[in-house]
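Coordinate inspection notes
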Amino acid sequence: MLRQQTSATWIMEGDIHGFFDHIAFSWIEEHIPMNKRVLSKWLRSGFIDRGALWPTTTGVPQGGIVSPVISNMVLDGLEAQRS
């Protein structure tokens, strides 16, 4: 597929350190087009570790099926930026 004349000339793959952990809730809630009440509850749902509930204050919960979608939407448009 990449040999086609209309294909991209490069592919970027990377691991952004702390990406999932540091996305601001306010930015996500303002820019992600979905039900804001559901999104807000999902972001702030917290997690349970050894029977204790820990609050979530920043970032995207990892391991769910929505996390990669939200993360891709956060990064959408990055390819248009130039250094």
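Our structure's up above, just so we're on the same page.
What counts, and where the lines are drawn
- Residues numbered from 1 in each chain as written.
- Predicted model: local features only at pLDDT ≥ 70, side-chain atom pairs only at ≥ 80, totals over all residues.
- Heavy atoms only, no water.
- Patch = residues over 30% accessible without salt bridge, like charges linked within 9 Å, V, L, I, M, F, W, Y side chains within 5 Å.
- Areas by Shrake-Rupley, 256 points an atom, 1.4 Å probe, with all protein chains shown as cover.
- Salt bridge = Lys/Arg side-chain N within 4 Å of Asp/Glu carboxyl O.
- Helix = DSSP H or I, 4+ residues; strand = E, 2+ residues; numbered from the N terminus.
- Buried < 20%, exposed > 50% of the residue type's maximum accessible area, 1.4 Å probe, protein only.
- Core = buried A, V, L, I, M, F, W, Y, C linked by side-chain atoms within 4.5 Å.
- Contact = heavy atoms within 4.5 Å.

Let's talk about a nonpolar patch on the surface
A surface patch of nonpolar side chains, amounting to about 390 Å² of accessible area, comprises Trp 10, Met 12 and Leu 78. When you line up the elements, Met 12 lands in the segment before α1 (19-22). The class for Met 12 is exposed, based on a relative accessible area of 62%.

What to know about the nonpolar core
Buried together is how nonpolar side chains tend to be arranged in soluble globular proteins. Within the largest apolar cluster, ten residues are counted, these being Phe 19, Ile 23, Phe 25, Ile 28, Ile 32, Leu 39, Leu 43, Val 60, Ile 70 and Val 74. Contributing elements (two or more residues each) for this core: α2 (25-31), α3 (36-43) and α4 (67-75). Ignoring anything within four residues of it in the chain, the contact list for Ile 23 reads Ile 28, Thr 58, Gly 59, Val 60 and Val 74.

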